[in-house]
Amino acid sequence: MATIIFHIDVNSAYLSWTAVEQLKNGAEVDLRTIPAIIGGDQKSRHGIVLAKSISAKKYGIRTGEPVANAFRKCPNLVTAAPNHKMYREKSRQLMDYLRTYTTEIEQVSVDECYMDFTKIADKFASPVAAACEIKDGVKNKFGFTVNIGISSNKLLAKMASDFEKPDKVHTLFPEEIPLKMWPLPINELFMAGKSSVDTMKKLEINTIGDLAKADPALIELHLKSHGRMLWNFANGIDDSQVRSKPSEAKGIGNSMTLSEDVATYDEVQKVFKSLAQSVGGRLKKAGQKAMMISMEVKYHNFQTMSHQRQLSKPTDKEEEIYDAACQLFLESWNGEPVRLLGIRTAKLVDASEPEQLSIFDIKMPEKPDEKHQKLNKAMEEIRKKFGDSAVMKASEMK
Ligand SMILES: [Mg+2]
């Protein structure tokens with residue numbers, strides 16, 4: 001049986017989901033039909049563009065640019081505030097719906113997933129017919145649209161879903177590569193970041209086809225193993241599997257780009273609370289527990305930092321994930337405003353495995369005290385740096 005993979009991607013997810021919610025609440029204008037963005041706020045014009053409508057795109061507005069810039073390009077731009085809790089809910093509804101077709105689904109971000117269609121292929125007239133049914137089903141059921149890319153592997157399916165938008169099904173089978181993929185500019189190749197693209201342009205590689213026909217040894221010389229991977233991608237080669245269960249090594253994680261920089265520990269805690277909730281929930285859903293927790297921060301100047309810790313026993317508990325993330329944050333925060341926060345778990349084990357008592361539990365009953373001592377020490381340090389009110393225990397709050 002030939003492998004068939006779908007890549008399913010929500011069109012302008014944050015913006016579409018917001019539009020759907022607004023319409024449900026009686027709004028008269030559909031954000032998708034006017035120049036509109038998600039991010040920042042209409043009055044202060046702070047923050048960055050997190051998503052844009054198709055007509056905003058026509059003004060040259062790009063995701064990730066400052067909201068103030070976007071207003072310069074289009075003065076009557078409409079903005080809506082991000083609502084990550086609502087996005088997660090929409091995301092969950094979509095994935096639950098897709099799982100009614102098959103459970104062989106790998107969610108790769110809040111609004112996109114791969115589906116291994118191979119085993120259910122015989123239930124449909126063709127992969128395209130099935131994809132159209134799924135795409136229309138999503139639209140009718142939820143009111144937002146998706147693109148679906150179809151191919152024999154994940155990479156080609158992903159490239160295909162990025163063709164003309166919105167609300168479209170595209171195929172990109174290996175025999176279609178020269179016609180549909182090779183003419184595209186090199187920066188449209190999956191995983192071709194800015195610095196790789198700059199390097200390739202110096203080598204006069206301007207299209208994906210140029211890369212496909214280049215000598216892989218030359219690319220590897222300049223871009224190491226990443227270059228080899230890009231060369232494979234340009235030739236449509238990708239043998240990665242659709243992983244419906246999180247892999248033990250990769251773990252489960254979630255991060256949040258904040259619409260405005262956050263400068264207080266209070267606000268950071270709120271973000272971690274919601275991240276811990278989603279990570280814990282996903283671990284439980286996957287029937288897994290994590291032995292390792294890591295926390296990542298991107299500062300306002302785009303500098304990044306991460307810090308991780310092995311746990312004494314595996315957990316899927318929200319509170320434990322939250323505590324670990326906060327502690328890791330306090331241990332490494334330089335006090336600068338942050339733009340992104342993330343929690344990642346790794347070293348996953350089956351939740352059904354009998355919990356092994358760690359040697360600490362048996363031999364070191366004073367462990368909790370040690371944990372408190374560490375926490376108190378971290379709090380002391382924060383207070384020294386940022387003043388007494390910078391941090392307090394929940395139990396101290398009025
Ligand atoms: Mg999308």
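Rules used in this analysis
Residues numbered from 1 in each chain as written. Predicted model: local features only at pLDDT ≥ 70, side-chain atom pairs only at ≥ 80, totals over all residues. Heavy atoms only, no water. Donors = N, O, S within 2.8 Å, 3.2 Å for Na, K, Ca; no water. Buried < 20%, exposed > 50% of the residue type's maximum accessible area, 1.4 Å probe, protein only. Helix = DSSP H or I, 4+ residues; strand = E, 2+ residues; numbered from the N terminus. Expected span 1.5 Å × (residues − 1). UniProt positions renumbered as here; feature names shortened; annotations may be inferred. Contact = heavy atoms within 4.5 Å. Axes fitted to C-alpha atoms, helices over the stretch in contact; angles between N-to-C directions. Parallel < 35°, antiparallel > 145°, perpendicular 65-115°, else oblique. Nonpolar A, V, L, I, M, F, W, Y, C, P; charged D, E, K, R; others polar. Pairing = 2+ DSSP bridges. Left-handed = near helix turned anticlockwise from the far one by under 90°. Salt bridge = Lys/Arg side-chain N within 4 Å of Asp/Glu carboxyl O.

Colleague: Explanation requested: the coordination of the magnesium ion in the structure shown.
Modeller: A four-donor tetrahedral metal ideally has 109.5 degree angles, and a six-donor octahedral metal ideally has angles of 90 or 180 degrees. Looking at the magnesium ion, one finds its protein donor set to be Asp9 (OD), Val10 (O) and Asp111 (OD), positioned 2.1 to 2.4 Å from the metal centre. Mapped onto the sequence, the donors of the magnesium ion take the spacing D-V-x100-D. Each of the two residues, Asp9 as well as Val10, counts as buried.

Colleague: Mind showing me how you'd approach helix H11 (residues 265-286) here?
Modeller: One full turn of an α-helix is made of 3.6 residues, so residues set three or four places apart face in the same direction. The terminal C-alpha atoms of H11, which comprises 22 residues, lie 31 Å apart, in line with the 32 Å expected from a rise of 1.5 Å per residue. Just downstream of H11, Gly287 is the residue with a positive phi angle, here 65°.

Colleague: Where do I start with the UniProt feature "binding site: Mg(2+)" (unreviewed entry) in the chain in this structure?
Modeller: Here, the residues flagged by UniProt with the feature "binding site: Mg(2+)" (unreviewed entry) are Asp9 and Asp111. These annotated residues cover 103 residues of sequence, and their C-alpha atoms lie no more than 5.9 Å from one another, placing them together at a single site. As for its placement among the helices and strands, Asp9 is situated in strand E1 (residues 5-10). Asp9 has contacts with Asp111, Glu112, Thr145, Val146, Asn147 and Ser161, leaving out every residue within four places of it along the chain. Here Asp111 is to be found in the loop between strand E5 (105-109) and strand E6 (112-116). Taking the relative accessible area as the measure of exposure, Asp111 reaches 13% and is therefore buried. Residues within four places of Asp111 in sequence aside, it is in contact with Ile8, Asp9, Val10, Ala13 and Trp17.

Colleague: Where do I start with helix H1 (residues 13-24) in this structure?
Modeller: Here H1 spans 16 Å end to end across 12 residues, near enough to the 16 Å set by a 1.5 Å rise per residue. On its buried face, H1 is in contact with E1, strand E2 (36-38), strand E3 (51-52), strand E4 (78-80), helix H4 (84-98) and helix H5 (127-142). Residue Gly26 follows H1 closely and has a positive phi angle near 95°.

Colleague: Where do I start with the packing of helix H8 (residues 194-202) against helix H10 (residues 216-234) in this structure?
Modeller: Remark: H8 packs on H10, axes separated minimally by 11 Å, with the N-to-C direction vectors making an angle of 95°. Between H8 and H10, the angle falls in the class roughly perpendicular. Contacts between H8 and H10 involve Ser196, Thr199 and Met200 from the former and His222, Leu223, His226 and Leu230 from the latter. Looking at the contact of H8 with H10 residue by residue, the class counts come to three nonpolar, four polar and no charged.

Colleague: I keep staring at the sheet that holds strand E10 (residues 288-299) and nothing clicks. Help me out?
Modeller: Strand pairing within a sheet occurs via backbone hydrogen bonds; the two strands may be parallel or antiparallel. Overall, antiparallel pairing links the four strands, which are arranged E9-E12-E10-E11 in an open sheet. With partners counted over all chains shown, the strands left at the sheet margins are strand E9 (252-262) and strand E11 (304-315), one partner each. Across the sheet, the axes of successive neighbouring strands diverge by a mean angle of 15°, strand direction being ignored. Looking at chain direction, E10 and E11 are connected through eight bridges and run antiparallel. Note that in E11 the partner of Ala290 across the bridge is Thr315.

Colleague: Sorry if this is basic, but what is going on with the packing of H4 against H5 here?
Modeller: Relative orientation and spacing of two packed helices are given, respectively, by the angle between their axes and the distance between those axes. Following both chains from N to C, one finds H4 and H5 inclined at 135°, their axes separated by 11 Å at the closest point. Overall, the two elements H4 and H5 adopt an arrangement that is oblique. The handedness of the crossing between H4 and H5 is right-handed. From H4, Gln93, Leu94, Tyr97 and Leu98 reach across to H5, where they touch Ile134, Gly137, Val138, Lys141 and Phe142.

Colleague: I'm lost on the pattern of salt bridges in this one. Help?
Modeller: Opposite charge on two side chains allows them to pair when their charged atoms are near. According to the stated counting rule, one finds 21 salt bridges in the structure shown. When the shortest N-O distance is used, the salt bridge between Glu112 and Lys158 registers 2.8 Å. With Glu112 in strand E6 and Lys158 in helix H6 (residues 154-161), this residue pair connects regions lying 46 residues apart in the sequence. For the pair formed by Glu112 and Lys158, the shared burial category is buried. With its nearest N and O atoms 2.7 Å apart, the salt bridge here joins Lys139 to Asp167. Taken together, the residues Lys139 in helix H5 and Asp167 in the loop between H6 and strand E8 (169-171) connect sequence positions 28 residues apart. Judged by its relative accessible area of 34%, Lys139 is partly exposed. Beyond isolated ion pairs, a larger network of salt bridges with shared partners links Glu89, Arg92, Asp96, Arg99 and Lys285.

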